[in-house]
Amino acid sequence: MTLSATTLTFGSRVASALLGLDQLFRTESGDDDGLVVVNLGAGGHLHPAPFATYREARSAFGELGRAADSLPEPDRRVYYADLIESSQAFIDWRDGGLPFEAQLSRFLHVPAAPVADSELDALRGVLRDQLTRLGYQGSLATQASEWETRNRVAPEDVPAELARLLDAAWDRTEATLLPIPAAKSDGMRVAGVSGVAFNARCNYLERTVELNTDPTLTRAGLKHLAVHEGYPGHYLQFKLRQTLYQQGRSPADGLLSVVNTASSSVFEGIADAGMTMIDWHDGGDDAVQATATRYRSGIATGAAWRLHALKWSPGRVADWLRSVTLLGGEGWVANRMAFISAPARAALIWSYWWGEPAVTAAWKAVAVEDRPDFLEFLHGRMHSNRSVAMFGSTKA
């Protein structure tokens, strides 16, 4: 499982190049969020490459691509090839434009299409069966509305309920998965926010889950968010990346969280697969939430495709999304529209659809006795949807 010195050194070069590309993008675009949205090495020894132009950045990533071909670990050759293609695509987008379809295929390495209607219909069928078994009657829209009303958490109670679920998720992660390398006091606090382009966000550096209180929120939905943003989701991802890097077992590029890149789907997939990893699906309501989460990931790709590929007006897209949403209310529609309307973030919505099945399949393929090694493989190395399936190559 130990990475070679060659790969660790290469990871530092990659980190420098990514930070340089981020700095160039921020300067020329005025985008405050940037390409690198979290830098766990800020203030330390990680320094951005001094790119003055995208031409310089393209040349540097080309050199990295050639060097990646010689890395000794098969999964690292695959991952860094994907990452460098993503970075070159981002440069192409900023330097001369890139069609939306090419952003999907080259940034994220996923099919350039929305989730198929047949898949959405199948998920609606599963959701209907689940709600019927729980005793809800009528049309699917009626069933979903009644389920949401019965399970809704009042807005004033949401922060405390999420805090309680975060506490339970920490304990369950330690009991079923691995020891978290920190005291619980290092964990996440909850801050309610409104009018933002996300459902919830892990502000790891501030140890805060920023929770959008505009959508209708249920206890099952908050349980999902506690896992996704906290444990064993994004908080644990960042904590393990830091810890493994400090122990000399992980490359420096793991200290960066980068959007619109090869690692985006697996980053979200780890968080969405958390309920499976800690085996916390307790009953029918959790099953409904899991299907609803998958379904809403799918319809969000449909909304983004209509806006950017089919060139529908924002109002028409919002009306379509509203007509198929089923859960979450107007607050959910509004934050999804804000998310997909940002040109630098629109393609990212596909990462939620593609990441969870990639990570869940990799997790289920691992023998129980190999899971500790797999968790280091998962968190101690950045991954694309291709490389995350290559744990077996480390055991050869």
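Residues numbered from 1 in each chain as written. Predicted model: local features only at pLDDT ≥ 70, side-chain atom pairs only at ≥ 80, totals over all residues. Heavy atoms only, no water.

Relative to each other, helix H1 (residues 5–29) and helix H3 (residues 74–96) sit at 15 degrees, their axes nearing to 12 Å. Here H1 is positioned roughly parallel relative to H3, judged by the angle of their axes. Crossing of H1 over H3 shows left-handed handedness. On H3, the residues that touch Thr7, Phe10, Gly11, Val14, Leu18, Leu21, Phe25, Glu28 and Ser29 of H1 are Arg76, Tyr80, Leu83, Ile84, Ser87, Phe90, Ile91, Trp93 and Arg94. For the contact of H1 with H3, a count of residues per class yields 11 nonpolar, four polar and three charged. (Axes fitted to C-alpha atoms, helices over the stretch in contact; angles between N-to-C directions. Helix = DSSP H or I, 4+ residues; strand = E, 2+ residues; numbered from the N terminus. Parallel < 35°, antiparallel > 145°, perpendicular 65-115°, else oblique. Left-handed = near helix turned anticlockwise from the far one by under 90°. Contact = heavy atoms within 4.5 Å. Nonpolar A, V, L, I, M, F, W, Y, C, P; charged D, E, K, R; others polar.)

Okay, the nonpolar core next. Ranked by size, the top nonpolar core spans 120 residues in total, and within it Phe61, Leu222, Ile340 and Trp350 carry the most contacts. No other element matches H1, which puts nine residues into this core. In this structure Ile340 touches Ala300, Ala303, Ala304, Leu307, His308, Val317, Ala346 and Ile349, once residues within four positions along its chain are discounted. Of all hydrophobic cores here, the second largest spans 10 residues; its members include Tyr136, Trp147, Ala220 and Val288. (Core = buried A, V, L, I, M, F, W, Y, C linked by side-chain atoms within 4.5 Å. Buried < 20%, exposed > 50% of the residue type's maximum accessible area, 1.4 Å probe, protein only.)

Here the focus is the packing of helix H12 (residues 284–308) against helix H14 (residues 329–341). It is the contact of H12 with H14, at a shortest axis distance of 10 Å, that shows an interaxial angle of 50 degrees. In terms of axis orientation, H12 runs oblique to H14. Crossing angle aside, the handedness with which H12 passes H14 is right-handed. Contact residues: Arg296, Ile299, Ala300, Ala303, Ala304, Leu307 and His308 in H12; Trp332, Ile340 and Ser341 in H14. Among the residues making up the contact of H12 with H14, the classes are represented as seven nonpolar, two polar and one charged.

Glancing now at unusual backbone geometry. At the junction of Tyr231 and Pro232, the peptide bond is cis and its omega measures out at 5 degrees in the coordinates. Secondary-structure assignment places Pro232 in the loop between helix H8 (219–230) and helix H9 (234–246). We note that Asn260 has phi near 55 degrees; this positive angle belongs to a residue other than glycine. Mapped onto the fold, Asn260 is located in the loop between strand S5 (256–258) and helix H10 (264–272). One non-glycine residue with positive phi stands out, namely Asp279, at about 55 degrees. Tracing the backbone through its elements, the reader meets Asp279 in the loop between helix H11 (274–277) and H12.

For the rest of this paragraph, the subject is empty space enclosed by the protein. In the structure shown here, the tally under the stated rule is three cavities of 30 Å³ or more. By volume, the largest cavity amounts to about 90 Å³. Together, Gln237, Arg241, Ser263, Val266, Phe267, Ile270, Leu378, His379, Arg381, Met382 and His383 line the largest cavity. Listing elements by their share of the lining of the largest cavity, those giving two or more residues are H9, H10 and helix H16 (371–379). It is H10 that contributes the most residues to the lining of the largest cavity, three residues altogether. Looking at the lining of the largest cavity, its residues break down into five nonpolar, four polar and two charged. The computed volume of the second largest cavity comes to approximately 40 Å³. Around the second largest cavity sit Leu18, Leu21, Leu35, Leu83, Ser86, Ser87, Phe90, Val258, Asn260 and Thr261, which together line it. (1 Å grid on protein atoms, 1.4 Å probe; cavity = no way out; pocket = protein on both sides within 12 Å on 5 of 7 lines; lining within 4 Å. Points joined across faces, edges and corners; volume = space filled by probe spheres on them.)

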